[in-house]
Amino acid sequence: MAAEDPHMSDAIRVMICDDHALFRRGLIMVLESEEGMEVVGEAEDGKRAIELCEELRPDVITMDMMLPVMTGLAATEFIMAYRPTPILVVSASTNRGELFKTYDALAPGAVEVMEKPLGDESHADWERRLTENVKLVSKIRVITHLRARLGLGRSKPLPPVTPPPRDGSAPCVIGIGASTGGPGAIVAVLSALPRDYPIPILFVLHIGEQFASAFAEWLDAQCALSVAYAEDGMRIANARGRVIVAPPGRHLIVREERLRTTSDPGRHSW
């Protein structure tokens, strides 16, 4: 009798990568208690994560950033270059250097990021968000990111940008919004624009507030345009040639040719 092919299961097949055995155990308990999920493997470092990804072909990987042997960033870059798999970064990294590594992992294809339990919410709420994120990430169709392949450098650049018309028909502002999978896309778009691109660009990214504090600084280093967080009351005219990002935990609004940041209630949880 032929053995059942594990890859034919309808369950979301999850692989966990974290160097703390106790935390891995906790993740396994949470995910396997959710109907329609199955943990198929666990890795304690980035090198083992790559090996198991090739062997098990999971639907989703949860990936810590600070790992022994090979970092979560290096493992993410390799996996997205050679075995593209939806990756959910689950990290406790909050200082500037570690945040940059998290952003660097999102740029080559990691799909979403969430924090490890911080103690300021119930375990039930965190567990619910974890399972929701895994389900969401599992639905994302990821692609090979050639620029992450060692020795190959960045992928082929986008075509040159056509300058906006000067007859008054050009828009006065461009708005870009991004959510799951967005950081890699916004880097691709902005890196194709020249330093003297004249139309102000307003950018809103759905990302956990604790991970957003250094995002504008990181994005500024990825493109020729200047990138900064919005200041309440800034005139649109003063944002020409710049990318203005919504500050963490704030809405960004254009009103009477000025930028306004508000702390109004979230919309669709953001």
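Conventions adopted
- Residues numbered from 1 in each chain as written.
- Predicted model: local features only at pLDDT ≥ 70, side-chain atom pairs only at ≥ 80, totals over all residues.
- Heavy atoms only, no water.
- Helix = DSSP H or I, 4+ residues; strand = E, 2+ residues; numbered from the N terminus.
- Buried < 20%, exposed > 50% of the residue type's maximum accessible area, 1.4 Å probe, protein only.
- Contact = heavy atoms within 4.5 Å.
- Areas by Shrake-Rupley, 256 points an atom, 1.4 Å probe, with all protein chains shown as cover.
- Core = buried A, V, L, I, M, F, W, Y, C linked by side-chain atoms within 4.5 Å.
- Pairing = 2+ DSSP bridges.
- Axes fitted to C-alpha atoms, helices over the stretch in contact; angles between N-to-C directions.
- 1 Å grid on protein atoms, 1.4 Å probe; cavity = no way out; pocket = protein on both sides within 12 Å on 5 of 7 lines; lining within 4 Å.
- Points joined across faces, edges and corners; volume = space filled by probe spheres on them.
- Nonpolar A, V, L, I, M, F, W, Y, C, P; charged D, E, K, R; others polar.
- Salt bridge = Lys/Arg side-chain N within 4 Å of Asp/Glu carboxyl O.

Our focus in this paragraph is the overall build of the chain. In terms of regular secondary structure, the chain is built from seven helices and 11 strands. Counting the 270 residues in the chain, one finds 43% classified as buried. By sequence separation, contacts in the chain at least 24 residues apart represent 68% of the contacts at least 6 residues apart. Surface exposure of the chain reaches about 14,500 Å², of which carbon and sulfur atoms provide 52%.

You will see that Glu 256, though not glycine, has its phi angle at about 55 degrees, which is positive. The residue Glu 256 is located in the loop between β10 (251–255) and β11 (258–262) in this model. Under the relative-accessibility criterion, Glu 256 is labelled exposed at 74%. Even without glycine at this site, Glu 257 takes up a positive phi of about 65 degrees. Inspection of the secondary structure assignment puts Glu 257 in the loop between β10 and β11. Classification of Glu 257 as exposed rests on a relative accessible area of 62%.

The next subject is the nonpolar core. Ranked by size, the top nonpolar core spans 69 residues in total, and within it Met 63, Leu 130, Val 134, Phe 203 and Leu 219 carry the most contacts. In this structure Leu 130 touches Leu 27, Val 30, Leu 31, Leu 88 and Met 114, once residues within four positions along its chain are discounted. In terms of nonpolar packing, the next biggest core, distinct from the first, is built from nine residues, Ala 230, Ile 236, Ile 244 and Leu 259 among them.

Taken together, the five strands give an open sheet; going across it, the order is β2-β1-β3-β4-β5, and neighbouring strands pair in parallel fashion. Unpaired on one side and paired on the other, β2 (37–43) and β5 (112–115) mark the two borders of the sheet. Mean inter-strand twist for the sheet, computed between neighbouring axes without regard to direction, equals 25 degrees. Pairing analysis gives four bridges linking strand β1 (residues 12–17) to strand β3 (residues 60–63), with the strands arranged parallel. Counterpart to Val 14 in the pairing with β3 is Val 60. Along the sheet face, helix α1 (residues 21–32) touches β1, β2, β3 and β4 (87–91) and points at about 165 degrees away from the line of β2. Against the sheet, helix α5 (residues 123–138) engages β1, β2, β3, β4 and β5, with an angle of about 170 degrees to β5.

It is worth spelling out empty space enclosed by the protein at this point. The method is simple in principle: a probe with the dimensions of a water molecule rolls over the atoms, and the space it marks as empty is what remains. As enumerated under the stated definition, the model contains one cavity of 30 Å³ or more in all. Within this model, the largest cavity holds a volume of roughly 50 Å³. By residue class, the composition of the lining of the largest cavity is six nonpolar, four polar and one charged.

Turning to the pattern of salt bridges, a few remarks are in order. For the structure shown, the criterion picks out 12 salt bridges. Between Glu 132 and Arg 128 there is a salt bridge, and its shortest N-O distance comes to 3.3 Å. Pair noted here: Glu 132 and Arg 128 are both in helix α5, with a separation of four residues, about one helical turn. Overall, the relative accessible area of 40% leaves Arg 128 in the partly exposed class. Taking the shortest distance from any N to any O, the salt bridge between Arg 260 and Asp 232 comes out at 3.6 Å. With Arg 260 in strand β11 and Asp 232 in the loop between β8 (226–229) and β9 (242–245), the pair connects residues that are 28 residues apart, well separated along the chain. Looking at Arg 260, the relative accessible area reads 28%, which means it is partly exposed. By relative accessible area, Asp 232 is classed as partly exposed at 47%.

By themselves, these figures tell us nothing about what the structure is for.
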